[in-house]
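Commentary on secondary and tertiary structure
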Amino acid sequence: MGKILLAEDDNDMRRFLVKALQTAGYDVAHFDNGLSAYHRLREEPFELLLTDIVMPEMDGIELARRATELDPDIKVMFITGFAAVALQPDSQAPKDAKILSKPFHLRDLVNEVEKMLKQAA
């Protein structure tokens, strides 16, 4: 299955997301800040970047912008309690990024990930 890079600064949330995605068969690399995730993106390709927006060191929008510069084909999904921020036209978020607002059910997350990765195939 697909390779996913997860950037989420909330430890509990990150642990739940990793478990749900791995259970669904995905290979998940996970980080607690955007800068560390960006360094990993530079080392190897991923099919999907799953990122929180508000994080220390580098926010999710900046991470997504840099990720799409490295790999224009990478899919981006924001998981956030601040969906309105990502939707602002001046945010520089990738235009086709998906936004999943917290709180959400883990099944909904897995379904959205599956949809995005099938579109990429």
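It should be emphasised that the depicted structure is a prediction, and the values quoted were computed from it without experimental measurement. (Residues numbered from 1 in each chain as written. Predicted model: local features only at pLDDT ≥ 70, side-chain atom pairs only at ≥ 80, totals over all residues. Heavy atoms only, no water.)

1. So, the overall build of the chain
What counts, and what does not: Helix and strand definitions here come from DSSP, where helices need a minimum of 4 consecutive H or I residues and strands a minimum of 2 consecutive E residues; each element is numbered from the N-terminal end. When accessible area is computed with a 1.4 Å probe and restricted to protein chains, residues below 20% of their type maximum are described as buried, those above 50% as exposed, and intermediate ones as partly exposed. In this analysis, two residues are considered to be in contact whenever any of their non-hydrogen atoms come within 4.5 Å of each other. Per-residue and other accessible areas follow the Shrake-Rupley method at a 1.4 Å probe size, with only the shown protein chains counted as cover for residues.
For the chain, the helix and strand inventory stands at 5 helices and 5 strands. Each helix and strand of the chain, placed in order from N terminus to C terminus, yields the pattern β-α-β-α-β-α-β-α-β-α. For the chain, the residues scored as buried account for 45% of the 121 residues in total. The long-range share in the chain, meaning contacts at least 24 apart out of those at least 6 apart in sequence, stands at 61%. With the model as given, the accessible surface of the chain reaches about 6500 Å², and the carbon-plus-sulfur share is 50%.

2. A few points about the side chain of Asp 52
Within the secondary structure layout, Asp 52 lies in the loop between β3 (48-51) and α3 (60-70). The exposure class of Asp 52 is buried, given its relative accessible area of 5%. If sequence neighbours within four positions are ignored, Asp 52 has contacts with Ala 7, Glu 8, Asp 9, Gly 60, Ile 79, Thr 80 and Lys 102.

3. Here we look at helix α2 (residues 34-43)
What counts, and what does not: This arc corresponds to the set of directions leading from the helix axis out to the C-beta atoms. Identification of polar contacts relies on pairs of N or O atoms within 3.5 Å, with a donor-acceptor requirement for protein atoms, meaning one able to donate a hydrogen and the other able to accept it, and with residues adjacent in sequence counted only if both atoms are side-chain atoms.
Those residues of α2 lying buried are Gly 34, Ala 37, Tyr 38 and Leu 41. Taken down its axis, α2 places every buried residue within 100° of arc, on the same side. Summarising the geometry of α2, the exposed residues directed more than 90 degrees from the buried face are Arg 42 and Glu 43. If you check the start of α2, you find a side-chain oxygen 3.1 Å away from the backbone N of Leu 35, and it comes from Asn 33.

4. Side note on the pairing of strand β1 (residues 3-7)
Operational definition: Call a crossover right-handed when, viewed with both strands pointing away from you, the route from the first strand across the helix to the second goes clockwise. The rule for pairing is simple: two strands pair if DSSP sees at least two bridges between them.
Across the 5 residues that make up β1, a large majority, 4, are buried. Assessed by its sense of winding, the connection that carries the chain from β1 through helix α1 (residues 11-23) to strand β2 (residues 27-31) is right-handed. Summarising the sheet, β1 and β3 pair through 4 bridges and their orientation is parallel. Its bridge partner lying in β3, Ala 7 is registered against Thr 51.

5. Describing the packing of aromatic side chains
Worth spelling out the cut-off: Geometry of aromatic contacts follows a simple scheme: Phe, Tyr and Trp rings, the Trp one being its six-membered ring, pair when their centres are within 6.5 Å, and the pair is stacked under 30 degrees between planes, edge-to-face over 60, tilted otherwise. For a Lys NZ or an Arg CZ to count as sitting over a ring, it must be within 6 Å of the ring centre and within 35 degrees of the ring normal.
Scanning the entire structure with this criterion turns up 0 aromatic pairs. It is Arg 66 that lies over the ring of Tyr 38; its NZ or CZ is 5.1 Å from the centre.

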